Amino acid sequence: MTLPMVEHIERQTKQKDAIRAALADCEEFISAQDLHRRLEDEGSKIGLATVYRQLNALADAGAADTIRLDGQQLFRLCGDDGHHHHLVCRRCGKTVEIDPPSEAWLRKVADGHGFTVESHTLEVFGLCSDCQKEQKAQKAQKAVSE
């Protein structure tokens, strides 16, 4: 007698639900440490290692995007099931989803350097308009004070 194969069913836990809900409340990318701090501030007793584990599981499952900024890994729930990329303000973290570049452009760039394209990730880092204005105001203030 053969037993039917049972699919692996992922357990839903209060901790996992709390982490996902807290991440869903973040419009911008957030570090595991900052998300952990938010959870603690809300009264959740979830260990930092659990937060890391759950965030990485979400990223591995394709449910969360992840980027590296200033040496930190940051996470954000995917707003769209389709392939997308991001504009990220390196100062305030504001994030905008953008359409991917054309496959033809990617292949042309890769071919020009003797590469093939197996996969790609594109994140564009810079300053959002608010941070640009703030930076200009700070430079102007500094010039006045000198």
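Residues numbered from 1 in each chain as written. Predicted model: local features only at pLDDT ≥ 70, side-chain atom pairs only at ≥ 80, totals over all residues. Heavy atoms only, no water.

**Here's the deal with the packing of helix H1 (residues 14-24) against helix H3 (residues 48-60)**
Inference 1: At a minimum axis separation of 10 Å, H1 and H3 run at an interaxial angle of 70°. Taken together, the axes of H1 and H3 are roughly perpendicular relative to one another. H1 and H3 meet at a crossing whose hand is right-handed. Contacts between H1 and H3 involve Gln-15, Lys-16, Ile-19, Arg-20 and Leu-23 on the former and, on the latter, Thr-50, Val-51, Gln-54, Leu-55 and Leu-58. (Axes fitted to C-alpha atoms, helices over the stretch in contact; angles between N-to-C directions. Helix = DSSP H or I, 4+ residues; strand = E, 2+ residues; numbered from the N terminus. Parallel < 35°, antiparallel > 145°, perpendicular 65-115°, else oblique. Left-handed = near helix turned anticlockwise from the far one by under 90°. Contact = heavy atoms within 4.5 Å.)

**A few points about the pattern of salt bridges**
Inference 1: One pass over the full model with this rule turns up four salt bridges.
Inference 2: Among the salt bridges present, the one from Arg-107 reaches Glu-103, with a minimum N-O distance of 3.7 Å. With Arg-107 and Glu-103 both in helix H4 (residues 103-112), this residue pair falls four residues apart, about one helical turn.
Inference 3: Judged by relative accessible area, Glu-103 falls into the partly exposed class, the value being 39%. (Salt bridge = Lys/Arg side-chain N within 4 Å of Asp/Glu carboxyl O. Buried < 20%, exposed > 50% of the residue type's maximum accessible area, 1.4 Å probe, protein only.)

**Focus: a nonpolar patch on the surface**
Inference 1: Residues Leu-87, Val-96 and Val-124 make up a contiguous nonpolar surface patch of roughly 200 Å² in combined accessible area.
Inference 2: For Val-124, the location among the structural elements is in strand E6 (residues 123-126).
Inference 3: Under the relative-accessibility criterion, Val-124 is labelled partly exposed at 33%. (Patch = residues over 30% accessible without salt bridge, like charges linked within 9 Å, V, L, I, M, F, W, Y side chains within 5 Å. Areas by Shrake-Rupley, 256 points an atom, 1.4 Å probe, with all protein chains shown as cover.)

**A short note on the sheet that holds strand E5 (residues 95-98)**
Inference 1: Ordered by their spatial adjacency, three strands build an open sheet running E5-E4-E6, and the pairing between neighbours is mixed. In the strand order of this sheet, the two ends are held by E5 and E6, each with one partner. Strand-to-strand twist of the sheet, defined as the mean angle between neighbouring strand axes without regard to direction, takes the value 20°.
Inference 2: One ladder, built from four bridges, connects strand E4 (residues 85-89) with E6; its direction is parallel. By the bridge assignment for E6, His-86 is matched with Glu-123. (Pairing = 2+ DSSP bridges.)

**A word on the side chain of Arg-76**
Inference 1: Within the secondary structure, Arg-76 is located in strand E3 (residues 72-77).
Inference 2: One polar contact links Arg-76 to Glu-97, side chain to side chain, over a distance of 3.1 Å. (Polar contact = N/O pair within 3.5 Å; in protein donor to acceptor, adjacent residues only side chain to side chain.)

**Observations regarding H3**
Inference 1: In a regular helix each residue adds 1.5 Å, so 13 residues correspond to 18 Å; H3 covers 18 Å between its end C-alpha atoms and thus fits that length.
Inference 2: Among all positions of H3, only Thr-50, Val-51, Gln-54, Leu-55, Leu-58 and Ala-59 are buried.
Inference 3: Downstream of H3 by a residue or two, Gly-62 has a phi angle that is positive, lying close to 80°. (Expected span 1.5 Å × (residues − 1).)

**Some remarks on the UniProt feature "binding site: Fe cation" (unreviewed entry) in the chain**
Inference 1: Taking the UniProt record as the reference, the feature "binding site: Fe cation" (unreviewed entry) is found at His-83, Glu-103 and His-120. Over a stretch of 38 residues, the named residues converge on one spot in the fold, their C-alpha atoms separated by at most 12.1 Å. (UniProt positions renumbered as here; feature names shortened; annotations may be inferred.)

**Some words on the nonpolar core**
When a protein is soluble and globular, its nonpolar side chains tend to lie buried together.
Inference 1: Residues Ile-19, Leu-23, Leu-35, Leu-39, Val-51 and Leu-55 are the most contacted members of the largest nonpolar core, which totals 16 residues.
Inference 2: Looking at this core, the elements with two or more residues in it are H1, helix H2 (32-41), H3 and E3.
Inference 3: By residue number, the principal contributor to this core is H3, which donates four residues.
Inference 4: Apart from residues no more than four positions distant in its own chain, Val-51 is found in contact with Ile-19, Ala-32, Leu-35, His-36, Leu-39 and Ile-46.
Inference 5: In this structure, Phe-29, Leu-69, Leu-74 and Val-88 belong to the second largest nonpolar core, which totals five residues. (Core = buried A, V, L, I, M, F, W, Y, C linked by side-chain atoms within 4.5 Å.)

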